[in-house]
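# Survey of secondary and tertiary structure
Next come the chains, spelled out residue by residue.
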Amino acid sequence: MKRDKKNKKGKKFGSQNRLTLFQKPEMKFGRSCPLSQKNSPIVDYKNIKLLRKYTSDTGKILPSRITSVSQFKQRQLSTAVKRAKILGLI
Amino acid sequence: MAFYEHTIVGKQDLSDKEMQSLIDKYSQIIDKSGKILKTEKWGLLNLANKIKKNKKGNFVHFKIEIEGKLVKEIEKQLSIDTNVIRYLTVKYDKIDLKNEFFGIKK
């Protein structure tokens, strides 16, 4: 039962507003990586909707300690953001 | 031979005919010793910040299979071209032709 509750929290969080540098501590801890699950979206420089979510308002890449993205996916994200910046999409 | 994704950003005040000629020009160069798997026109998109006094850009996206030497030649010509603001080439081992992130909204 407890696990179910936790999962629901995670889903709610996904549909909520974008992440910020000043995240509430409840949402930070104990979450698994949102990008390495089964139906998770593709990390690509064309997928701007996703990249907007993981950058701040000024265009900086959010650290993984806030977004709880795994090391591997964080590396992919950073290259994707840099590529999108070259084309002027972000 | 390897797979590449190639995007070109044209100036904002190009007409449709000029844009077509731009596409034809570069697809002819590619066709010499490679093949185009797919071309996508993303159309006029807003840029995040001004690039060479342009607020918007004409986006064209190629998915191609050519040799690495030719990519250098294409990029050389693109850097001289006055109608092009920016360009980007990305190398892939496998390419997926299914997913389209632009153009679905329209």
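For the structure itself, consult the block above.
Now for a quick tour of the structure.

With that settled, consider the sheet that holds strand β1 (residues 2-10) of chain B. Paired through their backbone hydrogen bonds, the strands of a sheet run either parallel or antiparallel. Residues and elements named next belong to chain B. On the basis of which strands lie adjacent, the open sheet formed by four strands has the order β2-β3-β1-β4 and antiparallel pairing. Pairing within the sheet leaves two strands with one partner each, and these edge strands are β2 (35-51) and β4 (84-92). Mean inter-strand twist for the sheet, computed between neighbouring axes without regard to direction, equals 20 degrees. Summarising the sheet, β1 and strand β3 (residues 54-66) pair through nine bridges and their orientation is antiparallel.

The next thing to look at is the interface of chain A and chain B. One frequent convention defines the size of an interface as the accessible area lost when the parts assemble. Listed as interface residues are nine residues of chain A and, on the opposing side, 13 residues of chain B. Class assignment of the residues belonging to the side of chain A that touches chain B gives a composition of five nonpolar, two polar and two charged.

All right, on to the pairing of β3(B) then. Residues and elements named next belong to chain B. Two elements, β2 and β3, share eleven bridges in a ladder whose sense is antiparallel. Of the residues in β3, the one forming a bridge with I51 is N54. Between β2 and β3, which pair antiparallel in sequence order, lie two residues; one of them, K52, sits at a positive phi of approximately 50 degrees.

What counts, and at which threshold
Residues numbered from 1 in each chain as written. Chains lettered and ligands numbered in written order. Predicted model: local features only at pLDDT ≥ 70, side-chain atom pairs only at ≥ 80, totals over all residues. Pairing = 2+ DSSP bridges. Helix = DSSP H or I, 4+ residues; strand = E, 2+ residues; numbered from the N terminus. Axes fitted to C-alpha atoms, helices over the stretch in contact; angles between N-to-C directions. Contact = placed C-beta atoms within 7 Å. Nonpolar A, V, L, I, M, F, W, Y, C, P; charged D, E, K, R; others polar.

Geometric descriptors of this kind do not, in isolation, establish any biological role.
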